[in-house]
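So you can see what is in the structure, the chains are spelled out below.
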Amino acid sequence: SGSTDCICYSTVGISDPVTSALHIIVGDCQPLDVSSVHHNNTFLKYSVSLLGYGFYGDILKDSEKKRWMGPMRYDYSGFKTFLSHHYYEGTIAYQPAKHTHGSPRDKESCRTGCYICKQSEKELAEQNKEHGLKHEEGEEEWKVIKGKFLAINAVSMSCACPRSPKGLSPAAHLADGSADLILVRKCSRFDFLRYLVRHTNQDDQFDFPFVDVYRVKCFQFASKLSEDNESNVIDIGKKRFGQFCRDHPACCCNIVNSTWNCDGETLDSSAVEVRVHCQLLKLFARGIEEDSKDEAAHSQSSIEQLL
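Residues numbered from 1 in each chain as written. Predicted model: local features only at pLDDT ≥ 70, side-chain atom pairs only at ≥ 80, totals over all residues. Heavy atoms only, no water.

The chain is annotated in an unreviewed UniProt entry as CERK1 kinase from Vidua macroura.

See below:
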């Protein structure tokens, strides 16, 4: 399931082929949310793990040119992208996932037989039954954010992997009909490095003033310059600076748009609309089972809430 095996780690807890084979034999079933990506009301792709713009999109775009390096290309492109420190200006509009129980920062991890996923599914089904999906999307308020972003990430699961044991959003749920939208605003290289390091340890990676996270059921993004103007910008660049400027944007010219990283595949349309479909896919898996440490922590948090 890709170079990082994040789907295996987020749904099984380990990337072991024997374990996955046993799940298939037993017939375990784990529903998954799926996000659909659209541009101008035209369907483009599906996403089940990461949809990233900015930092992770730039890494993927650069690494695709260096496939001859093998897996090392991700480290090289990641370091190169970090040093370039490009930010992108745009507007994000999103609808909060009001049907879900919990938030991206509640530290309630998605586990086997997740109560939050089951309750969120029921709530969403009741809402759709009462109002209808189209009516609901049209009536609910859209929240709008404008700014300069180093990274825009939408995850439908924790996206955990060996290098990031907790993932990009540790409390993201597999089947609650929502995605966690993570916005990393323009900041210094040092602060951005602190944020990236948090993915490898147990510290709260959202505890920064330049990082915002929202649980959403759909969102839209548009860069500062519309796609209709992108061709004009490129044409002007050709006339003034020639082919070199377009192919090597590290000069004085600002990069207008990044590339979307859609589950490890590039998506060049900068203006997109993303909708989350609750439990659209079923996987031969059981979810991550709680160990004794998780159960003890969960019991302690429940006791504290009661007190």
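Peer 1: For this particular structure, what's the right way to read helix 3 (residues 55-64)?
Peer 2: Three or four residues apart is the spacing at which side chains of an α-helix point the same way, because the helix has 3.6 residues per turn. Counting buried positions along helix 3 yields 8 of 10 residues, so the element is predominantly enclosed. Taken together, the buried positions of helix 3 are Phe-55, Tyr-56, Gly-57, Asp-58, Ile-59, Leu-60, Asp-62 and Ser-63. (Buried < 20%, exposed > 50% of the residue type's maximum accessible area, 1.4 Å probe, protein only. Helix = DSSP H or I, 4+ residues; strand = E, 2+ residues; numbered from the N terminus.)

Peer 1: How do you make sense of the pairing of strand 7 (residues 211-223) when you look at a structure like this?
Peer 2: Along any regular strand, the residues point their side chains to alternate faces of the sheet. Bridging between strand 4 (residues 88-96) and strand 7 involves 7 bridges; their strand directions are antiparallel. Pairing of Thr-91 across the sheet is with Ala-222, part of strand 7. Here 6 bridges tie strand 6 (residues 179-185) to strand 7, and the two strands are oriented antiparallel to one another. Within strand 7, the residue paired with Leu-181 across the bridge is Tyr-214. In this sheet, strand 10 (residues 272-283) lies alongside strand 7 in antiparallel orientation, the contact comprising 4 bridges. Following the sheet pairing, Phe-219 is matched in strand 10 by Val-274. (Pairing = 2+ DSSP bridges.)

Peer 1: Would you take a moment to explain unusual backbone geometry for this structure?
Peer 2: Most of the time, phi is negative for any residue but glycine, and the peptide bond is trans. Positive phi values are uncommon outside glycine, yet Cys-159 reaches one of about 60°. Even without being a glycine, Asp-263 presents a positive backbone phi close to 55°. By secondary structure assignment, the location of Asp-263 is in the loop between strand 8 (260-262) and strand 9 (265-267). With a relative accessible area of 30%, Asp-263 lands in the partly exposed category.

Peer 1: For this particular structure, what's the right way to read the environment of Cys-29?
Peer 2: Tracing the chain through its elements places Cys-29 in the loop between helix 2 (17-26) and strand 1 (30-39). On the basis of relative accessible area, Cys-29 is assigned to the partly exposed category, the value being 48%. For the pair Cys-29 and Lys-282, spaced 253 residues apart in sequence, the C-alpha to C-alpha distance is 6.3 Å. Other than its neighbours up to four places away in sequence, Cys-29 contacts Lys-282, Leu-283 and Ala-285. (Contact = heavy atoms within 4.5 Å.)

Peer 1: I keep staring at the environment of Asp-58 and nothing clicks. Help me out?
Peer 2: Tracing the chain through its elements places Asp-58 in helix 3. In this structure Asp-58 comes out as buried when scored by relative accessible area, which is 13%. C-alpha separation for the pair Asp-58 and Gly-78, spaced 20 residues apart in sequence, amounts to 8.5 Å. Those residues in contact with Asp-58, other than ones at most four positions away along the chain, are Thr-81, His-86, Tyr-88, Ser-258 and Thr-259. Here the side chain of Asp-58 touches Ser-258 through a polar contact of 2.8 Å, side chain to side chain. (Polar contact = N/O pair within 3.5 Å; in protein donor to acceptor, adjacent residues only side chain to side chain.)

Peer 1: What's the story with the packing of aromatic side chains in this structure? I'm lost.
Peer 2: Aromatic rings in a pair are described by how distant their centres are and how their planes are angled relative to each other. The tally for this structure, following the rule as stated, stands at 12 aromatic pairs. Here the aromatic rings of Tyr-195 and Phe-208 are separated by 6.4 Å at their centres, their planes lie at 80°, and the arrangement is edge-to-face. In this pair, Tyr-195 sits in helix 7 (residues 189-197) while Phe-208 sits in the loop between helix 7 and strand 7, placing the two residues 13 residues apart along the sequence. Considered together, Tyr-195 and Phe-208 belong to a single accessibility category, that of buried residues. One aromatic cluster is present, formed by Phe-55, Tyr-56, Phe-82, Phe-192, Tyr-195, Phe-208 and Phe-210 through successive ring pairs. (Phe/Tyr/Trp six-rings, centres within 6.5 Å; stacked < 30°, edge-to-face > 60°.)

Peer 1: Looking at this structure, how should I read the pattern of salt bridges?
Peer 2: Opposite charge on two side chains allows them to pair when their charged atoms are near. Counted under the stated rule, the structure contains 12 salt bridges. One salt bridge in this structure joins Arg-215 and Asp-180, with 2.8 Å as the shortest N-O distance. Residue Arg-215 is found in strand 7, and its partner Asp-180 is found in strand 6; the two are separated by 35 residues along the sequence. Summarising the burial analysis for this pair, Arg-215 and Asp-180 share the class buried. Where Arg-185 meets Asp-212, a salt bridge forms, and the shortest distance between an N and an O atom there is 3.2 Å. You can see Arg-185 sitting in strand 6 and its partner Asp-212 sitting in strand 7, a full 27 residues away along the chain. Ionic contacts of the salt-bridge type, sharing partners, join the residues Asp-28, Arg-286 and Glu-289 into one network. (Salt bridge = Lys/Arg side-chain N within 4 Å of Asp/Glu carboxyl O.)

Peer 1: What's the story with the pairing of strand 5 (residues 143-155) in this structure? I'm lost.
Peer 2: Sheet analysis places strand 3 (residues 50-54) next to strand 5, joined by 5 bridges and oriented antiparallel. Counterpart to Tyr-53 in the pairing with strand 5 is Ile-152. Relative to strand 5, strand 4 runs antiparallel, the two sharing 7 bridges. Looking across to strand 5, one finds that Ala-93 is bridged to Val-144.

Peer 1: Just checking my understanding: could you explain the environment of Leu-32 for this structure?
Peer 2: Assignment of secondary structure puts Leu-32 in strand 1. The class of Leu-32 is buried, set by a relative accessible area of 2%. Apart from the residues lying within four places of it in its own chain, the contact partners of Leu-32 are Thr-11, Met-157, Leu-174, Gln-279, Leu-280, Leu-281 and Leu-283.

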